[in-house]
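Architecture and fold: a report
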Amino acid sequence: MDKMRVLVVGGAGYIGSHTARKLAEAGCEAVIYDNLSAGHRDAVAKLNFVEGDLLETEKLIDTLKAHRIEAVIHFAAFALVGESVTDPAKYYQNNITGTLSLLDAMRAADVSRIVFSSTCATYGIPASSPIDETFPQSPVNPYGFTKLAIEHALQDYSHAYGMSYAALRYFNAAGASPAGDIGEDHKPESHLIPLVLQVALGQRKSISIFGDDYPTDDGTCIRDYIHVDDLADAHLAAMEKITPDNCLKLNLGTGRGASVLEIIEACRQVTGHEIPAEIGPRREGDPPALVANPAQAHKILDWQPKYMDVRETIETAWRWHQSHPQGFAQ
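Residues numbered from 1 in each chain as written. Predicted model: local features only at pLDDT ≥ 70, side-chain atom pairs only at ≥ 80, totals over all residues. Heavy atoms only, no water.

**Details of the packing of helix α6 (residues 192-200) against helix α10 (residues 310-323)**
Stated formally: Fitted lines through C-alpha atoms give the axes, limited to the stretch in contact for helices. The angle between two N-to-C directions lies from 0 to 180 degrees. Strands here are runs of E lasting at least two residues and helices are runs of H or I lasting at least four, both read from the DSSP assignment and numbered beginning at the N terminus. Roughly parallel covers angles under 35 degrees, roughly antiparallel covers those over 145, roughly perpendicular covers 65 to 115, and oblique covers all other angles. In this scheme the crossing of two helices becomes right-handed for a clockwise turn of the near helix relative to the far one and left-handed for an anticlockwise turn of less than a right angle. The contact criterion used throughout is that any non-hydrogen atoms of two residues lie within 4.5 Å.
The interhelical angle for the contact between α6 and α10, taken along N-to-C directions, is 55°, at an axis separation of 10 Å. The angle between α6 and α10 places the two elements in the oblique class. Once α6 is placed against α10, the crossing between them reads as right-handed. Contacts from Ile193, Pro194, Leu197 and Ala200 in α6 reach Ile314, Ala317, Trp318 and His321 in α10.

Dropping the structure here:
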């Protein structure tokens, strides 16, 4: 790919740090911009780093100009669905106001190319699965709405100001770098695979299953788990493809679903631990199945996920969690 200078906003976070590494491996100059509210300096220890917030528009302008940035990849969002319901102000302020600050900074610094981290949460509770890009977008929580609002803003900014953008709608990011040195470290942790692996590590007594009476084969929710490195590869491919006349909105997933019970069983196989599970009540707003139809991404980006077996994804996560049981804190 072209050796671009890229600002990775939210680049010290989970998906951002893996993408920054891929950029560096491809010969690009990756500059990380992160307020470290959820990211980890150690995740990008060897890369150029600027500590700053999305709402610091002038600092963003200075950073873009000082490093002669040519493209932006934007990961800096709050992303907990439950928290977005109880504290929507936090989500509107950062995810919408903060992103508009970033777009204004890009315009001021004459940077016109952005890859945006969107989400399958913009589809809300879809009528069926797998989901393609033509499905109606009707989010059911503030998190999903903030992401959809920015998709609309990007479309309008592209039309009015000639911005080139890709909005990449992820399904469930999972796994860790195969080297085992960077991976998932959220406080609190809300993702299923790391929570199950915490049971294997002895950090939890059991894993809770939220409902076993869904209209699925085993009664538990089905999700599409896409490896974080495969997501990173898609961002690099998207950055190459976009032009003002070719802006992209694409689903990123494997096209394969795994149920909660299947994930727990796969974690038992990978770790060799028993991993007790307890059935609890459903969580409000959990769709029975969210699986991507990634055909458009395959075709347009010339991209294919390398991790199609969820056990291989879990193996990379287990390597990370075993060597970093306290995450980056140790």
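**Regarding unusual backbone geometry**
The omega torsion of the bond from Ser129 to Pro130 falls at 5°, within 30 degrees of zero and hence cis. Looking along the chain, the bond that leaves Lys187 and enters Pro188 is cis, with omega of 0°. Looking at the secondary structure, you find Pro188 in the loop between β7 (172-174) and α6. Not every positive phi belongs to a glycine, and Leu36 is a case in point at roughly 60°.

**A look at the nonpolar core**
Spelled out, the test is: Here, nonpolar core refers to any group of buried Ala, Val, Leu, Ile, Met, Phe, Trp, Tyr and Cys residues whose side-chain atoms link them within 4.5 Å. Only protein chains enter the area calculation, which uses a 1.4 Å probe; residues under 20% of their type maximum are buried, those over 50% are exposed, and those in between are partly exposed.
One finds Ile15, Leu23, Val115, Leu168, Met239, Leu252 and Leu301 to be the most contacted residues of the largest nonpolar core, which totals 36 residues. Counting residues per element, the ones that place at least two in this core are β1 (5-9), α1 (14-25), β2 (29-34), β4 (71-74), β6 (164-170), α7 (228-241), β11 (248-252) and α9 (295-301). Element by element, the count of residues in this core is highest for α7, at seven residues. Formed by 27 residues, the second largest nonpolar core is a distinct cluster that contains Val9, Ile69, Met106 and Ala167.

**Here's the deal with the packing of aromatic side chains**
Threshold: Within 6.5 Å between ring centres, the rings of Phe, Tyr and Trp (the latter by its six-membered ring) count as paired, and their orientation is classed by plane angle as stacked under 30 degrees, edge-to-face over 60, tilted in between. We count a charge as sitting over a ring when the NZ of a lysine or the CZ of an arginine lies within 6 Å of the ring centre and within 35 degrees of the ring normal.
One pass over the full model with this rule turns up four aromatic pairs. Residues Phe78 and Tyr91 carry aromatic rings whose centres are separated by 5.9 Å and whose planes lie at 55° to one another, so their mutual orientation is tilted. One end of the pair, Phe78, is in the loop between β4 and α3 (81-86); the other, Tyr91, is in helix α4 (residues 88-108), and 13 residues separate them in sequence. For Phe78, a relative accessible area of 21% corresponds to the partly exposed category. When the centroid spacing of 4.9 Å and the interplanar angle of 50° are considered together, the rings of Trp320 and Phe328 count as tilted. No difference in accessibility class separates Trp320 from Phe328, as the two residues are buried. Stacked on the ring of Phe78, the Lys or Arg Lys90 has its end atom at 4.3 Å from the ring centre. Between Arg282 and the ring centre of Tyr214, over which it is positioned, the NZ or CZ distance is 3.9 Å.

**Details of the pairing of β2**
To keep it simple, the criterion reads: Any two strands with at least two DSSP bridges between them are considered paired. The handedness of a crossover follows from its direction of travel: if, with the strands pointing away from the viewer, the path from the first strand over the helix to the second runs clockwise, the crossover is right-handed.
With respect to burial, β2 is a largely interior element, five of its six residues being buried. Pairing analysis gives five bridges linking β1 to β2, with the strands arranged parallel. Looking at β2, one finds that Val9 is bridged to Tyr33. The β-α-β motif built from β1, the intervening α1 and the parallel element β2 has right-handed crossover chirality.

**Observations regarding the sheet that holds strand β14 (residues 289-290)**
A sheet is described by the order of its strands in space; here three strands give the open sequence β12-β9-β14, paired in mixed fashion. The outermost strands of the open sheet, each flanked by one partner alone, are β12 (258-259) and β14. Bridge analysis of strand β9 (residues 222-223) against β14 gives two bridges, and the strand direction is parallel. The residue bridging Arg223 from the neighbouring strand is Leu290, located in β14.

**Description of the pairing of β6**
Judged by how many residues are buried, β6 sits mostly within the fold: seven of seven residues are covered. Neither face of β6 is exposed, since Ser164, Ala166, Leu168 and Tyr170 on one face and Tyr165, Ala167 and Arg169 on the opposite face are all buried. As defined by bridge partners, strand β5 (residues 113-119) adjoins β6 across seven bridges and the pair is classed as parallel. Note that in β6 the partner of Ser117 across the bridge is Leu168. For the crossover from β5 across helix α5 (residues 142-161) to β6, the handedness is right-handed. Alignment of β6 against β11, held across five bridges, turns out to be parallel.

**Points about α5**
Helical geometry: 3.6 residues make up each α-helical turn, so side chains three or four residues apart lie on a common side. Where we set the bar: Multiplying 1.5 Å by the helix residue count minus one yields the expected span of that helix.
The first and last C-alpha atoms of α5 sit 27 Å apart over 20 residues, in line with the 28 Å expected at 1.5 Å per residue. Listed as buried for α5 are Pro142, Tyr143, Gly144, Thr146, Lys147, Leu148, Ile150, Glu151, Ala153, Leu154, Tyr157 and Ser158. Where α5 is buried, its residues touch α3, α4, β5, β6 and β11. Phi turns positive, to about 75°, at Gly162, one or two residues after α5.

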